[in-house]
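Here is what each chain is made of, one letter per residue.
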Amino acid sequence: MRIELVTIIVPEYDQAISFFVDVLGFELVEDSPSLTNDGRPKRWVVVRPPEGGTGVLLAQADGERQVEALGDQVAGRVGFFLRVGDFDDAYERMRAAGVQFVTSPRAEPYGNVVVFLDVAGNRWDLLGPSQKQGD
């Protein structure tokens, strides 16, 4: 058993694809025309980290309730966690791409961490391995 997808409500498909693919380095797995439950056109857009794992369904906000949830899908908490092999490289690459970080990088027992905002304003942890003493 595994979790196949999680949904993130985004303001606009193409902007979200650009953020996840060009900035975070995810792969675009699918971008297909689809329909809402009441028959209106939408897209089925899935991105996934390059090494696999759970995919992210990018769902364009549809209606007032979803627009209000943009950036607050987990009530202001960090709700998503991106683990990378080279923390410093990922952090610098994301900073150069204009990603908004809301904390400074810090070392924790579980590794290096910094909080950033995605294209919709949701909080993510960028996580990397701990630096060894003396490195």
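Model, not experiment: these values are computed from the prediction.

Looking now at helix α3 (residues 87-96). For α3, the complete set of buried residues consists of F87, A90, Y91 and M94. The buried residues of α3 occupy one face: seen down the axis, they fall within an arc of 100°. In this structure, the buried side of α3 is in contact with α1 (13-23), β7 (111-117) and β8 (123-128). N-capping of α3 is provided by D86, with a side-chain oxygen placed 3.4 Å from the backbone N of D88. Positive phi shows up at G98, right after α3, with a value of about 90°.

Pairing is mixed across the open sheet formed by 4 strands, whose spatial order is β5-β8-β7-β6. Both outer strands of the open sheet, β5 (78-83) and β6 (106-108), are each paired with one neighbouring strand and no more. This sheet shows a mean twist of 35° between the axes of neighbouring strands, independent of strand direction. Pairing between β5 and β8: 5 bridges, direction parallel. Looking across to β8, one finds that L82 is bridged to L126. Here α3 sits on the sheet and contacts β7 and β8; the angle it forms with β8, its principal contact strand, is near 140°.

Of all hydrophobic cores here, the largest spans 27 residues; its most connected members are F20, L24, L58, F116 and L126. When residues of this core are traced back to their parent elements, those giving at least two are β1 (5-10), α1, β3 (41-48), β4 (55-60), β5, α3, β7 and β8. Counting residues per element, this core draws most heavily on α1, at 6 residues. Excluding its chain neighbours within four sequence positions, the residues that come into contact with F116 are F19, L24, L82, M94, V99, Q100, F101, N122, R123, W124, D125 and L126.

Now for the pattern of salt bridges. Enumeration over the complete set of coordinates arrives at 8 salt bridges. A salt bridge links D31 to R43; the nearest nitrogen and oxygen atoms lie 2.7 Å apart. One end of the pair, D31, is in strand β2 (residues 27-35); the other, R43, is in strand β3, with 12 residues separating them in the sequence. What makes D31 partly exposed here is its relative accessible area of 34%. Put simply, R40 and D38 hold a salt bridge, and the shortest N to O gap is 3.1 Å. For R40, a relative accessible area of 36% puts it in the partly exposed group. The network of salt bridges with common partners includes R2, E4 and R48.

About the thresholds
Residues numbered from 1 in each chain as written. Predicted model: local features only at pLDDT ≥ 70, side-chain atom pairs only at ≥ 80, totals over all residues. Heavy atoms only, no water. Buried < 20%, exposed > 50% of the residue type's maximum accessible area, 1.4 Å probe, protein only. Helix = DSSP H or I, 4+ residues; strand = E, 2+ residues; numbered from the N terminus. Arc of directions from axis to C-beta. Contact = heavy atoms within 4.5 Å. Polar contact = N/O pair within 3.5 Å; in protein donor to acceptor, adjacent residues only side chain to side chain. Pairing = 2+ DSSP bridges. Axes fitted to C-alpha atoms, helices over the stretch in contact; angles between N-to-C directions. Core = buried A, V, L, I, M, F, W, Y, C linked by side-chain atoms within 4.5 Å. Salt bridge = Lys/Arg side-chain N within 4 Å of Asp/Glu carboxyl O.

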